[in-house]
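# Examining the three-dimensional arrangement
Each chain is listed here by its residues.
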Amino acid sequence: MMKKIHDVRAGCKFSKRKVFFDTNVWIAIDGNDPRPTSACYSDFYGEICKSDNVIVINDYVIGEFFNRTCKTNYKLMFDDDPEMRQFKSRRSANRDFRLMVESVRDTCLNFLDDCEYEPAAVDRGSYQSIVEEAGKGEMDLTDIVVREHCLAKGYVLVSHDADFINCGIELVTANRKLLPK
């Protein structure tokens, strides 16, 4: 059951909390989400940075952001070039691609500078049940780890992902499917 859902467009209504941004929100903040709702997440991020709240990030979100951003940009750069798609060594030798990867690296390093880093709060015993749950196909593995991290630590989650409905997490979102009617 969802604890409390906040509309991201209403601004930050809490204080002295730890706030966890999901990968899709970081992608929106970074400017790689063309949907009209993405700007409100950047605005909310700015408010959080000026408040007494703390933004937390973990290894799963950094890894997912890095991989998804590189994959999206790679597809934009080489989708019409079958030769570059087939040879990993050739695409890694491409100067434009290397510059793009370096830019993604810099963004991830900024996350580490600007946020409180924590490794995912998952122990070996619970990881087996996470993999089992992911195997059912209802939530992806990273979302389950994010959910468990936020539940274990009592963090507020900022996400646009409808998978987080009824997870027992306090949530900030612009997703109309999650907001109370």
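Rules used throughout
Residues numbered from 1 in each chain as written. Predicted model: local features only at pLDDT ≥ 70, side-chain atom pairs only at ≥ 80, totals over all residues. Heavy atoms only, no water. Helix = DSSP H or I, 4+ residues; strand = E, 2+ residues; numbered from the N terminus. Rg over C-alpha atoms; globule rule 2.2 N^0.38 Å. Buried < 20%, exposed > 50% of the residue type's maximum accessible area, 1.4 Å probe, protein only. Contact = heavy atoms within 4.5 Å. Areas by Shrake-Rupley, 256 points an atom, 1.4 Å probe, with all protein chains shown as cover. Lys, Arg positive; Asp, Glu negative; His and termini not counted. Charge placed at Lys NZ, Arg CZ, Asp CG, Glu CD.

## Some points on the overall build of the chain
Each helix and strand in the chain was counted, giving eight helices and six strands. Reading the chain from its N end, one meets helices and strands in the order β-β-α-α-β-α-α-α-α-β-α-α-β-β. Its C-alpha atoms give the chain a radius of gyration of 17 Å, within 12% of the compact-globule value 16 Å for 181 residues. Along the first, second and third principal axes, the C-alpha set of the chain runs to 50 × 40 × 30 Å. For the chain, with 181 residues in total, the buried portion stands at 43%. The long-range fraction of contacts in the chain, counting pairs at least 24 apart against all pairs at least 6 apart in sequence, stands at 68%. In the structure as shown, the chain presents an accessible area of about 10,100 Å², 50% of it carried by carbon and sulfur atoms. Taken as two groups, the 26 positive and 30 negative side-chain charges of the chain have centres that lie 2 Å from each other.

## A closer look at unusual backbone geometry
The general pattern is negative phi for most residues beyond glycine and trans for most peptide bonds. Although it is not a glycine, K16 adopts a positive phi angle of roughly 55 degrees. Locating K16 in the fold gives a position in the loop between β1 (5-7) and β2 (18-21). Look at K16 and you get exposed, because its relative accessible area is 69%. We note that N166 has phi near 60 degrees; this positive angle belongs to a residue other than glycine. Along the chain, N166 turns up in the loop between β5 (156-158) and β6 (171-173).

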